[in-house]
Amino acid sequence: MHRRTTGVSRRTVTKAAAGAGLAVLFGARTAAAVGSRTVDVSVSSAALGRSAPLRLILPSGFGSQPTRTYPVLYLLHGAHDDYTSWTRETDIEAFTEGRDLIVAMPDAGPTGIPTAWRGGPDYETFQLKEVPALLARDYRASGVRVVAGVSTGGYGAMAHAARHPGMFTAAASYSGILDTTAPGVPTLMDAIVARENLVPTSLWGNPFLNLLTWLDFNPRNRAAGLRGTALYVSSGSGLAGGTGDWLPEALESALWPSAHSFTDTLALQRIPVTTHFYAGGGHSWAYWKQEFTASWPMLARGLGVPQ
């Protein structure tokens, strides 16, 4: 492999120094700098029974304005991925440069389903109580929050906002699982859990014997809690009108009825939602990046920052 022998640029040194400064500011044992504005924090979580990672992107002027508080954009990852996905797959760091907000990307476990598991970890409490408390205490986060997520993280965005009315001013789902009891969806959820070598019933129990639990955590059944929250929902038809990339398109197709069931329920309850249902499309970042950009004006209004 060819190695460059030229000197390190001044910008690289500046970024490294700034990153090191962040690590020193927040304690090297709990926060590790991964960029000039990005840090990984290890959060000691009683809800999970372990320490869990949280990636943060801090505002450009964070260090120079020590009394200022900031709104928080929560970005949730999908299944079989992790808290680094948004910085790995998108330009969210560059996109938020110069914008006065904190970006928080909390861990949701290997399935990316941020819920209270049956007799197991409670990712809902971790993301909605422990992480906000840490952000308010150590990172000057205000009480203004919006949330967005992809796939199972899209489920999380809507479930969190529905189950905790008023906590988020806006919520966006990109190819999310929004009706967990729709035909075929419990089987899909079980498959996501089983792929991580976990027992399917460890999520919410049996979808028939424990139906009340499944309904309690279902965004569609908790839709009334979304009244007053700005909403954005996008999903593709997948194989119908697709390009032949069959696996991600098949998965997108499987979620299409679930998304419509959810938005139909919102319509019946006269809860406003901005939707983008498009022909084709796959369950992938190629589409989710576009949808985040499309939803940004709504999220920015919820955060109270310029678009």
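Report on the accompanying structure. (Residues numbered from 1 in each chain as written. Predicted model: local features only at pLDDT ≥ 70, side-chain atom pairs only at ≥ 80, totals over all residues. Heavy atoms only, no water.)

Focus: the environment of Arg-99
Selection rule: Helix and strand assignments come from DSSP, with helices taken as H or I runs of at least 4 residues and strands as E runs of at least 2, each series counted from the N terminus.
Residue placement: Arg-99 occurs in the loop between α3 (92–95) and β5 (102–106). In sequence terms Arg-99 and Ala-300 are 201 residues apart; their C-alpha atoms lie 9.8 Å from each other.

Focus on the nonpolar core
Worth spelling out the cut-off: In this description, a nonpolar core means a group of buried Ala, Val, Leu, Ile, Met, Phe, Trp, Tyr and Cys residues linked to one another through side-chain atoms lying within 4.5 Å. Buried residues are those whose accessible area, probed at 1.4 Å on protein chains only, stays under 20% of the maximum for their type, while exposed residues exceed 50% and partly exposed ones sit between those limits. Two residues form a contact once any of their heavy atoms are found within 4.5 Å.
Counting 57 residues, the largest nonpolar core has Val-41, Leu-54, Leu-56, Leu-135 and Tyr-139 as the members making the most contacts within it. In this view, Val-41 contacts Thr-30, Ala-31, Ala-52, Pro-53, Leu-54, Leu-56, Leu-134 and Tyr-139; residues no more than four positions away in its chain are not counted. Listed in part, the 25 residues of the second largest apolar core include Val-103, Val-150, Tyr-232 and Trp-288.

Considering the sheet that holds strand β7 (residues 170–174)
For clarity, the threshold we go by: Any two strands with at least two DSSP-identified bridges between them are counted as paired. Note on definitions: angles span 0 to 180 degrees between N-to-C directions of axes, and those axes are lines fitted to C-alpha atoms, for helices only across the stretch in contact.
Reading across the sheet, the 9 strands line up as β1-β2-β3-β5-β4-β6-β7-β8-β9 and stay open at both edges, with mixed pairing between neighbours. Taken across any chain shown, the strands that pair with only one partner, and hence form the sheet edges, are β1 (31–33) and β9 (274–278). With direction set aside, neighbouring strand axes in the sheet form an average angle of 20°. In this structure, strand β8 (residues 230–236) lies alongside β9, joined through 5 bridges in parallel fashion. Residue Tyr-232 lies in a different strand from β9, and its bridge partner there is Thr-274. Where helix α5 (residues 152–163) meets the sheet, it contacts β4 (70–76), β6 (141–150), β7 and β8, and its direction lies at approximately 140° from that of β6. The strands touched by helix α9 (residues 285–303) within the sheet are β4, β6, β7, β8 and β9, with β7 carrying the most contacts at an inclination of about 175°.

Observations concerning the packing of aromatic side chains
The condition is simple: Pairing of aromatic rings covers Phe, Tyr and Trp, the last counted by its six-membered ring, and requires centre-to-centre distances within 6.5 Å; plane angles under 30 degrees mean stacked, over 60 mean edge-to-face, and any other angle means tilted. Each ring is checked for a lysine NZ or an arginine CZ that lies within 6 Å of its centre and within 35 degrees of its normal; such an atom marks a charge sitting over the ring.
Applying the stated criterion to the full structure yields 14 aromatic pairs. Taking the centre distance of 5.0 Å and the plane angle of 80° together, the rings of Trp-204 and Trp-214 count as edge-to-face. With Trp-204 in the loop between α6 (185–195) and α7 (211–216) and Trp-214 in helix α7, this residue pair connects regions lying 10 residues apart in the sequence. Both residues of the pair, Trp-204 and Trp-214, count as buried. Between Arg-99 and the ring centre of Phe-95, over which it is positioned, the NZ or CZ distance is 4.4 Å. Sitting above the plane of the Phe-62 ring, Arg-140 keeps its charged end 4.1 Å from the centroid.

Quick look at the pairing of strand β2 (residues 38–45)
In terms of residue burial, β2 counts as a mostly covered element, since 6 of its 8 residues are buried. Sheet topology note: the β1/β2 ladder contains 3 bridges and is antiparallel. If you follow Ala-31 over to β2, its bridge partner there is Val-41. What sits between the antiparallel neighbours β1 and β2 is a turn of 4 residues. The pairing of β2 with strand β3 (residues 50–57) spans 8 bridges and is antiparallel. In the sheet register, Thr-38 faces β3, and the bridge partner there is Ile-57.

On their own, these measurements won't tell you what the molecule is for.
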